[in-house]
Amino acid sequence: MKYLLLTLFFNVTIYLIEFYLDIRQYFKLKGSSLPARLNNYVTPKQFHDMKTYNLLRLSFTRLQSTFALFIEFMILLFYILPSFYRFSLRLNHWIFGWDETHEIGIGVTFLFLTSAFSAVLKMPFELYRLSVIDSKFVESAVETTRAIAGWVIDQAKVFLLTTFIGIPLLSLILKLLSMGSAFHWSYLWMGSIAVSVVISELYPNYLLPLFYKIEPFPESDIRTKIEGTIARLGFPVKDIVLIENFSSGGGNVVVTGSATGQATNLRISIYQNVLETLNEDDLLAILVHELNHFICKDNMKDLAMQIISMAIFLLSLSRCIYDKEFYKSFGFENVTNPGIGLLLFSYYYQAIGSAISVITNIVHRQFEYNCDIFAEENGYSIDEALIKMHVDNVFSLIVDKHYSRYYNSHPSLLERIENIKLYRERKKKTLVFSSSLGDLIDLEERKLRKQQEEQGESMTGENKAKLE
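Let me sum up the structure you'll find in this document. Keep in mind it's a predicted model, so treat the numbers as computed, not measured.

### Some details on the overall build of the protein
So, point 1. The helix and strand inventory of the protein stands at 16 helices and four strands.
So, point 2. Across the protein, every contact between residues at least 6 apart in sequence was considered, and the portion connecting residues at least 24 apart equals 77%.
So, point 3. Here the protein has roughly 26,700 Å² of accessible surface; of this, 63% comes from carbon and sulfur atoms.

### Comments concerning the packing of helix α5 (residues 141-179) against helix α6 (residues 184-207)
Between two packed helices, both the angle of their axes relative to each other and the distance between the axes serve to describe the pair.
So, point 1. Axis separation between α5 and α6 bottoms out at 9 Å; the angle between their running directions is 160°. On the basis of their axis angle, the class for α5 and α6 is roughly antiparallel. You can see that α5 and α6 cross each other, and the crossing is right-handed. Contact with α5, carried on its side by L169, I173, L176 and L177, involves H184, L188 and V195 of α6 and no other residues of that element.
So, point 2. Partitioned by chemical class, the residues of the contact of α5 with α6 number six nonpolar, one polar and no charged.

### Regarding helix α12 (residues 338-348)
So, point 1. Most of α12 sits out of view: 10 of its 11 residues are buried.
So, point 2. Where α12 is concerned, the buried positions are P338, G339, I340, G341, L342, L343, L344, F345, Y347 and Y348.

### Details of the environment of M310
So, point 1. Position of M310 among the secondary structure elements: in helix α10 (residues 298-318).
So, point 2. Put simply, M310 and W185 are 125 residues apart on the chain and 9.8 Å apart in space, counted from C-alpha to C-alpha.
So, point 3. Non-local contacts of M310, meaning those with residues more than four positions away in its chain, are made with W189 and S192.

### A few points about the pattern of salt bridges
So, point 1. For the structure on display, the rule yields 17 salt bridges.
So, point 2. Here K45 ties to D49 by a salt bridge, and the two come within 3.0 Å at their closest N and O atoms. Within this pair, K45 and its partner D49 are both found in helix α2 (residues 44-77), separated by four residues, close to a single helical turn.
So, point 3. On the basis of relative accessibility, which here comes to 58%, the residue K45 falls in the exposed class.
So, point 4. Salt-bridge contacts for E376 lead to R424; the nearest nitrogen and oxygen are separated by 2.9 Å. You can see E376 sitting in helix α13 (residues 350-377) and its partner R424 sitting in helix α16 (residues 413-467), a full 48 residues away along the chain.
So, point 5. Accessibility expressed as a relative area gives 8% for E376, which makes it buried.
So, point 6. Several salt bridges converge on common partners, so that one network encompasses R37, E376, D383 and R424.

Parameters and conventions
Residue numbers here run from 1 along each chain, matching the order of that chain's written sequence. Only residues with pLDDT of 70 or above have their local features reported here, since the model is predicted, and side-chain atom pairs are shown and tallied only from 80 upward, although totals for entire chains, interfaces and linings are computed over all residues. Heavy atoms throughout the structure, all of them, feed into the side-chain values; hydrogens and water do not. Secondary structure is summarised from DSSP: a helix means a run of H or I of at least four residues, a strand means a run of E of at least two, and numbering begins at the N terminus for each. The contact criterion used throughout is that any non-hydrogen atoms of two residues lie within 4.5 Å. Working definition of accessibility: Shrake-Rupley area with a 1.4 Å probe, residue cover restricted to the visible protein chains. Note on geometry: axes are C-alpha line fits, over the in-contact stretch for helices, and angles between N-to-C directions span 0 to 180 degrees. Oblique is the label for any angle not covered by the other classes, which are roughly parallel (under 35 degrees), roughly antiparallel (over 145) and roughly perpendicular (65 to 115). In a left-handed crossing the near helix is turned counterclockwise from the far helix by less than a right angle, and in a right-handed crossing that turn is clockwise. Charged residues are taken to be Asp, Glu, Lys and Arg, nonpolar residues to be Ala, Val, Leu, Ile, Met, Phe, Trp, Tyr, Cys and Pro, and polar residues to be all remaining types, Gly included. Only protein chains enter the accessibility calculation, which uses a 1.4 Å probe; a residue is then buried when its area is under 20% of its type maximum, exposed when over 50%, and partly exposed in between. Salt bridge criterion: a side-chain nitrogen from Lys or Arg within 4 Å of a carboxyl oxygen from Asp or Glu.

Okay, structure coming up:
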């Protein structure tokens, strides 16, 4: 029973923390006015619409989270998961003639059913958001229809990927877990590292085209400037592609490739809506920002953090998944199926996962600050580009600092603008100090020369007196 009580306690604690942060964000938005820095980019009506949209989304998201917590309590307190397990047993016996000794098949079926149940519960919220909330802030019903159609297509693609790739991988994971070795978690850890590396390599060329239309970037002046900018920073470009957005939000400039010594292999991916939003100087500023992520190997650092996080998860999992009391706490008697243990532990681990997420957010936010400054150091003013991208993507312009640190891997727009402002002030003070120091040195040198001249004249007068 202790595991169940701890799970409920941790998850309620996380819910209350997030509820408190949502309240802070709500009142921050509610009492906000258009920042003076954005007057040239956002009209009062646009700001009012964005503010209204984000207030609606915030309230709706909190309602969805409250419903999810309620469902979680019902599932755990009334032991509904054992019913899913018994149904999985009957289903596998009916189709394949399997009994509970076929742990892998039963576990995969159990996880598939619970995942499908979760998706069905989320579906009305997603459709309501797209068809009601988001539709209030688009120009026509056609955009709403396109957004819903795009969401349905994406869900179908995710289902196919889960079926043909996820199920085999899940079967392998459950097989390793069923071995019961003291080092099984390390095998899974090494396997997860291999999968992460493979997916990161396959994503740009094979997975991304499943969701977006990708074509070569046309020959133009801006392409020449892009190639010239990157070459000036010492990196030849292998390929530049244009990614078509099917939705109004999102989009960025993405730099991918590998670097070993002097050998570089860069691919620049530019989303269509970014190209339409930014002028040439703004686009180059964002490009230089993204290039610094590549130079500093931020993606590799992010992968390292994921690997460490996975090690913590798997090591913790290994301490619970073979404990019969762990299963018994959630209503499973004499059952130690690894598929069930994996799902139960995902409930139990949520608080730790949230804490790790906050830590990684802090690191990611520093990455963004550093890359903004890199663009400034190379002569590109990036603040205007950031403003245009935030306005175009209907991101919240007003974000509570604690809310932002908890939820967001990127600083808010105004936080980044403030950081750039502080950098420019430091740079200006440095230039003023250098100029003042130079003037002081020149003054001292003139004084020294004058003293030397006066001493020379005095010596000449004394010599003349001695001769006389």
